[in-house]
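Geometric and topological summary
This is what each chain is made of:
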Amino acid sequence: MHSIRIIGAGSIGSHLANAARTRGWSVTLTDNDPAALERAKDDIYPSRYGAWDEGISLKLSQDATDEPADVVFIGTPPDSHIPLALDALDRVTPKILLIEKPLAGPDLAGCQKLFEATQTKGVFAAVGYNHCLGGNTKLADQMIRAGNLGDIITISSRTREHWQGIFNAHPWLPGPSASYLGFAARGGGATGEHSHAINMWQHFSHVAGAGRVARVSARLDHVRADGTDYDQSAFITLESQEGLIGDVIQDVVTAPTEKSARLQGTKGFIEWSVNARPGEDRVAVGHLDGPIQETFIPKTRPGEFIAEIDHLAEVMNGDTTDSPIALSRGLDTMMVIAATFKSDATGRPVTIDWSKGYTPDALN
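Residues numbered from 1 in each chain as written. Predicted model: local features only at pLDDT ≥ 70, side-chain atom pairs only at ≥ 80, totals over all residues. Heavy atoms only, no water.

This next bit is on the packing of helix α3 (residues 78-91) against helix α4 (residues 111-121). It is at 10 Å that the axes of α3 and α4 come closest, and there the two elements cross at 20 degrees. In terms of axis orientation, α3 runs roughly parallel to α4. You can see that α3 and α4 cross each other, and the crossing is left-handed. Of the residues in α4, those touching α3 at I82, A85, L86, L89 and D90 are C111, K113, L114, A117, T118 and K121. Classifying every residue of the contact of α3 with α4 gives 7 nonpolar, 1 polar and 3 charged. (Axes fitted to C-alpha atoms, helices over the stretch in contact; angles between N-to-C directions. Helix = DSSP H or I, 4+ residues; strand = E, 2+ residues; numbered from the N terminus. Parallel < 35°, antiparallel > 145°, perpendicular 65-115°, else oblique. Left-handed = near helix turned anticlockwise from the far one by under 90°. Contact = heavy atoms within 4.5 Å. Nonpolar A, V, L, I, M, F, W, Y, C, P; charged D, E, K, R; others polar.)

Written as structure tokens, this is what we have:
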């Protein structure tokens, strides 16, 4: 039986606790705030899953830091992720280190250090961009690799979602100023919090053989009010190492939500979407003037995290060697996030020199 220690007893921590328990894992849910542990037990978990699971152990973070675990998950605010990750690597060296997205703030502080530490320790690390593990993504990947679209000409990716849904899931937060969400420098705002769209653009670029992002041009719509400082909309143009050009839009203002990507090829297109209908994701494919074929894939919110747990089990069992949520992919997304802010601040495109690692020096 595998074990997981979850640092952060908020919404995502509860989702992963439930996912791990459905697979028979041993779960310790920790937080440095006793009120957060109480809220998870009495409110968050039972409101989502019917009742509290007495098989979950609750502990203050400081009482569990030296306890071994196969998987350590860090689900705290982004600007605390890397210090906690480095501490976990030093103390217990788990088999897998899983960190919620975004990995860090846009200053990239500690990113290269974390990458080097996981390499030195031989620990598989991952970042929680779990849309890469969805059934719709796997189907789209198969279609791209089959080559039926011809050469991929462009990719467009969207995560446009009013963040009221986040506050509905965290009713103890009165608004963006009450957490990292209202502060871009801490990993909040549209570019950080909704970076699934950047990550999916990069994922499909890899599948299409177009490589990593090499050039970023961006404009952000900033909000500075009530003590907050965040971007509510991000409009980003990306160019890959192989010359593929496309775009990303992320925001915290759009309702109803749009989570989608479109790949246009010389022979046809693929549209990928999340929650296209209630309880269903979607993949649509069309070839020039031919009919559009749609596939709807049933999904649930808990199922997204169960897929994540199942993927980690595959990694530990040695059943997969190429993970779409590997730390390197999450770090690639952080580089695009950082380049987005630099491009917006300077008013010019920013190139990424991958030979310089995950550092600000790589952004030119």
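As for its placement among the helices and strands, G188 is situated in the loop between α6 (164-169) and α7 (189-193). Each C-alpha atom of the pair G188 and A104 lies 9.7 Å from the other, and the pair is 84 residues apart in sequence. Residues contacting G188, with those up to four places away along its chain left out, are Y180, L181, F183, E193 and D231.

Next up on the list: α4. Within an α-helix, residues lying three or four positions from one another point in the same direction, as the helix has 3.6 residues per turn. Within α4, the full set of buried residues consists of C111, L114 and T118. One side of α4 holds all its buried residues, which, seen down the axis, span an arc of 65 degrees. Opposite the buried face of α4, at more than 90 degrees from it, the exposed residues are K113, Q119 and T120. Buried residues belonging to α4 abut α3, β5 (96-99), β6 (124-127) and α10 (327-346). (Buried < 20%, exposed > 50% of the residue type's maximum accessible area, 1.4 Å probe, protein only. Arc of directions from axis to C-beta.)

With the exception of glycine, most residues fall at negative phi, and the peptide bonds are largely trans. Cis geometry is found at the peptide bond from K101 to P102, where omega equals -15 degrees. Relative to the helices and strands, P102 resides in the loop between β5 and α4. Between A255 and the following residue, P256, the backbone shows a cis peptide bond with an omega angle of 0 degrees. The residue P256 is located in the loop between β10 (245-251) and β11 (258-265) in this model. In this model, L108 sits at a positive phi of 65 degrees, which is unusual for a non-glycine residue. By the secondary structure assignment, L108 is in the loop between β5 and α4. For D226, which is not glycine, the phi dihedral falls at a positive 55 degrees. Looking at the element boundaries, D226 is found in the loop between β8 (213-223) and β9 (230-240).

Let's shift gears to the sheet that holds strand β12 (residues 269-277). Across the sheet, which stays open at both edges, the 9 strands sit in the order β14-β13-β12-β11-β7-β10-β9-β8-β15 with mixed pairing between neighbours. The strands lining the two open edges of the sheet, one partner per strand, are β14 (293-298) and β15 (350-351). Relative to β10, β9 runs antiparallel, the two being bridged by 7 bridges. Its bridge partner lying in β10, L238 is registered against G246. Together, β8, β9 and β15 form the strand contacts of α10, whose direction differs from that of β8 by roughly 60 degrees. (Pairing = 2+ DSSP bridges.)

If you walk through the whole model with that rule in mind, you get 0 disulfides. C132 provides the cysteine sulfur closest to C111, a residue in no disulfide bond, and the two sulfurs are 18 Å apart. For C132, a relative accessible area of 3% puts it in the buried group. (Disulfide = S-S within 2.5 Å.)

Here the focus is the nonpolar core. Of all hydrophobic cores here, the largest spans 95 residues; its most connected members are I4, W25, L97, L103, L114, F204 and I352. With 9 residues, α10 is the single largest residue contributor to this core. When near neighbours in sequence (up to four residues on either side) are disregarded, I4 contacts A20, W25, S26, V27, T28, A69, V71, F73 and I309. (Core = buried A, V, L, I, M, F, W, Y, C linked by side-chain atoms within 4.5 Å.)

The next point concerns the sheet that holds strand β1 (residues 3-7). If you trace the 6 strands from one edge of the open sheet to the other, you get β3-β2-β1-β4-β5-β6, paired in parallel fashion. Two strands bound the open sheet, and with one partner strand each, they are β3 (56-60) and β6. Pairs of neighbouring strands in the sheet enclose a mean axial angle of 20 degrees, with direction left out of account. In this structure, β1 lies alongside strand β4 (residues 71-74), joined through 4 bridges in parallel fashion.

What follows deals with the pairing of β14. Taken together, the 6 bridges between strand β13 (residues 280-286) and β14 define a ladder with antiparallel strand orientation. Bridge pairing links D281 to I297 in β14. Linking β13 to β14, which pair antiparallel, is a turn of 6 residues; within it L288 sits at a positive phi near 50 degrees.

All right, on to the layout of surface pockets then. Its volume calculated, the second largest pocket comes out at about 350 Å³. Forming the walls of the second largest pocket are 17 residues, and the residues nearest its centre are C132, K138, D141, D322 and P324. Contributions of two or more residues to the lining of the second largest pocket are made by α5 (135-146), α8 (196-207) and α9 (301-316). Ranked by residue count, the leading element in the lining of the second largest pocket is α9, at 4 residues. Taken together, the residues of the lining of the second largest pocket sort by class into 5 nonpolar, 5 polar and 7 charged. (1 Å grid on protein atoms, 1.4 Å probe; cavity = no way out; pocket = protein on both sides within 12 Å on 5 of 7 lines; lining within 4 Å. Points joined across faces, edges and corners; volume = space filled by probe spheres on them.)

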